[in-house]
Amino acid sequence: MTEQVEWSEPEAAAAPVSSAVTPADAADAARLVAFGLQPKLQPARDQEYAELLRRYREDPAFARLADAVATGLGLVVLEVSPRAGMAVTAAEDSVFAVRMGDYARRASSDSGDRFLHGLAHLAVAAMAFPRPEDLADDGYIGRVSVNGVDAFVRQACRRLEERADEHGENTDPATDAPGLEAAWRIWARRSSTGATKDARRLAGSTTGIIGKAVAFLTDSGFLQRTGDDGGGTYRTTARYQLQVRDMAGSAAMAELLELGIVPVTDGTASLLPAEDTEDLELAADAGLPFHS
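Computed from a predicted structure; not experimentally measured. (Residues numbered from 1 in each chain as written. Predicted model: local features only at pLDDT ≥ 70, side-chain atom pairs only at ≥ 80, totals over all residues. Heavy atoms only, no water.)

A.B. asks: Which residues make up the overall build of the protein, and what are the values?
C.D. replies: Scanning the protein from terminus to terminus reveals 11 helices and 5 strands. Taking contacts inside the protein between residues at least 6 apart in sequence as the whole, the part at least 24 apart equals 59%. Just so you have it, the protein exposes about 16400 Å², and 52% of that area is on carbon and sulfur atoms. (Helix = DSSP H or I, 4+ residues; strand = E, 2+ residues; numbered from the N terminus. Contact = heavy atoms within 4.5 Å. Areas by Shrake-Rupley, 256 points an atom, 1.4 Å probe, with all protein chains shown as cover.)

Structure below.
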């Protein structure tokens, strides 16, 4: 007589129970976001920061918690990686948002200059990453100079003036009119360096405005100063690349690139000289970053 053995299906494994979020977890997530708000801090130079980044990348529950903390503070997480750290940008309604109007008021007492400050930031971004592939390549490092940006904008002014002439629109717009068409006339009329005897850069000159822009971007961890040539030379950081990616679809940036001064279509971008530059007063020693 053989013994019959009854086989039964193994009991289904109990679903794992997610551990409750502890105050220590919340503190660690907030600490990581706090590190992200220190843009000059590099993970490679801070062990705690590097460890929290590793935990974010390996622990989905912790990553969700850190993302929630950032969202609650009105921040948008652009990337979390060893190269960029926890790169965040402020949403429009965030207490951390820096508005161009506020920035321009701090930088200049002239309310009309806000167009020039905005154009300076736009031009720095366009020159730092003139091609889509530059923005897509994590290893790409853009380089700009103060005088180079000024020369670039003055070429853009010439192109905009020609376009306005062609359309019979070469009349002065209202001071608060939007877009590049209002800004180029103000920029073109403004001195590059000012009128001091030793040709020092005045705050209200166009190179002075660009100088404020790149100083702000450097303080914000977006640029790193590399030298004094060309009024000051700078290289981009991973954080700045992420920021420009975020703004690359803006109408103003698209309009500036479409002028054709920095071609972005065939992968051989370089700054193109204006057709007639004899009477175009470029900044002295303007170091334009040509691309091979």
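Structure shown, so let's carry the discussion forward.
A.B. asks: Lay out the sheet that holds strand β3 (residues 143-145) with the relevant residues and their values.
C.D. replies: The 3 strands are arranged β3-β5-β4 in an open sheet whose pairing can be described as antiparallel. Looking along the sheet, the strands with just one partner apiece sit at the ends: β3 and β4 (223-227). With direction set aside, neighbouring strand axes in the sheet form an average angle of 35°. Here 4 bridges tie β4 to strand β5 (residues 233-236), and the two strands are oriented antiparallel to one another. Along β5, the bridge assignment pairs glutamine 224 with arginine 235. Together, β3 and β5 form the strand contacts of helix α7 (residues 146-166), whose direction differs from that of β3 by roughly 80°. (Pairing = 2+ DSSP bridges. Axes fitted to C-alpha atoms, helices over the stretch in contact; angles between N-to-C directions.)

A.B. asks: A description of the packing of aromatic side chains should follow, citing residues and the corresponding values.
C.D. replies: To describe a pair of aromatic rings, you give the distance between the ring centres and the angle between the ring planes. By the definition in use, this model includes 4 aromatic pairs. Arranged with centres 5.9 Å apart and planes meeting at 50°, the rings of phenylalanine 129 and tyrosine 140 form a pair that is tilted. With phenylalanine 129 in the loop between α5 (114-128) and α6 (132-136) and tyrosine 140 in the loop between α6 and β3, this residue pair connects regions lying 11 residues apart in the sequence. Both residues of the pair, phenylalanine 129 and tyrosine 140, belong to the buried class. Taken together, the ring pairs connect Phe129, Tyr140, Phe222 and Tyr240 into an aromatic cluster. (Phe/Tyr/Trp six-rings, centres within 6.5 Å; stacked < 30°, edge-to-face > 60°. Buried < 20%, exposed > 50% of the residue type's maximum accessible area, 1.4 Å probe, protein only.)

A.B. asks: Provide a residue-level description of the nonpolar core, including the pertinent values.
C.D. replies: Counting 33 residues, the largest nonpolar core has Val124, Val149, Val153, Trp187 and Tyr240 as its most contacted members. If you list the elements that add at least two residues to this core, you get α5, α7, α8 (180-189), α9 (206-219) and α10 (238-247). Among the elements that line this core, the one with the most residues is α5, at 10 residues. Among residues more than four places away in sequence, those in contact with valine 153 are Leu119, Ala123 and Trp187. (Core = buried A, V, L, I, M, F, W, Y, C linked by side-chain atoms within 4.5 Å.)

A.B. asks: Which residues make up a nonpolar patch on the surface, and what values do they have?
C.D. replies: Residues Leu37, Leu73, Val95 and Phe96 make up a contiguous nonpolar surface patch of roughly 360 Å² in combined accessible area. For leucine 37, the location among the structural elements is in the loop between α1 (23-36) and α2 (47-58). (Patch = residues over 30% accessible without salt bridge, like charges linked within 9 Å, V, L, I, M, F, W, Y side chains within 5 Å. Salt bridge = Lys/Arg side-chain N within 4 Å of Asp/Glu carboxyl O.)

A.B. asks: Any chance you could break down the pairing of β5 for me, citing the residues and the numbers?
C.D. replies: Looking at chain direction, β3 and β5 are connected through 3 bridges and run antiparallel. Within β5, the residue paired with valine 144 across the bridge is tyrosine 234. Counting the residues between successive antiparallel strands, the hairpin from β4 to β5 contains 5 residues, one of them, glycine 230, with a positive phi of roughly 60°.

A.B. asks: Provide a residue-level description of the side chain of glutamate 79, including the pertinent values.
C.D. replies: Considering the arrangement of structural elements, one finds glutamate 79 in strand β1 (residues 75-81). Separated by 3.1 Å, the side chains of glutamate 79 and arginine 83 make a polar contact. The residues contacting glutamate 79, other than those within four sequence positions of it, are Ala84, Gly85, Met86, Ala87, Leu242 and Arg245. (Polar contact = N/O pair within 3.5 Å; in protein donor to acceptor, adjacent residues only side chain to side chain.)

A.B. asks: Tell me what's going on with helix α3 (residues 60-72), and back it up with residues and numbers.
C.D. replies: The end-to-end C-alpha distance of α3 is 18 Å, a good match for the 18 Å that 13 residues give at a rise of 1.5 Å each. When α3 is considered as a whole, its buried residues turn out to be Phe62, Ala63, Leu65, Ala66 and Ala70. Each buried residue of α3 lies within a common arc of 160° when the element is viewed along its axis, so the set occupies one face. Turned more than 90 degrees away from the buried face of α3, the exposed residues are Pro60, Arg64, Thr71 and Gly72. Capping of α3 at its N-terminal end is provided by aspartate 59; its side-chain oxygen lies 3.1 Å from the backbone amide nitrogen of alanine 61. Positive backbone phi, at 75°, marks glycine 74, one or two positions downstream of α3. (Expected span 1.5 Å × (residues − 1). Arc of directions from axis to C-beta.)

A.B. asks: Please provide a residue-by-residue account of the packing of α5 against α10, values included.
C.D. replies: At their nearest, the axes of α5 and α10 sit 11 Å apart, and the two run at 105° to each other. When the axis of α5 is compared with that of α10, the two are roughly perpendicular. Seen from α5, the contacting residues are His121, Leu122, Val124, Ala125 and Ala128; seen from α10, they are Tyr240, Val244 and Met247. (Parallel < 35°, antiparallel > 145°, perpendicular 65-115°, else oblique.)

A.B. asks: Tell me about the pairing of β1, and name the residues and values.
C.D. replies: The sheet contact formed by β1 and strand β2 (residues 85-90) spans 6 bridges and is antiparallel. Bridge pairing links valine 77 to valine 88 in β2. Linking β1 to β2, which pair antiparallel, is a turn of 3 residues.

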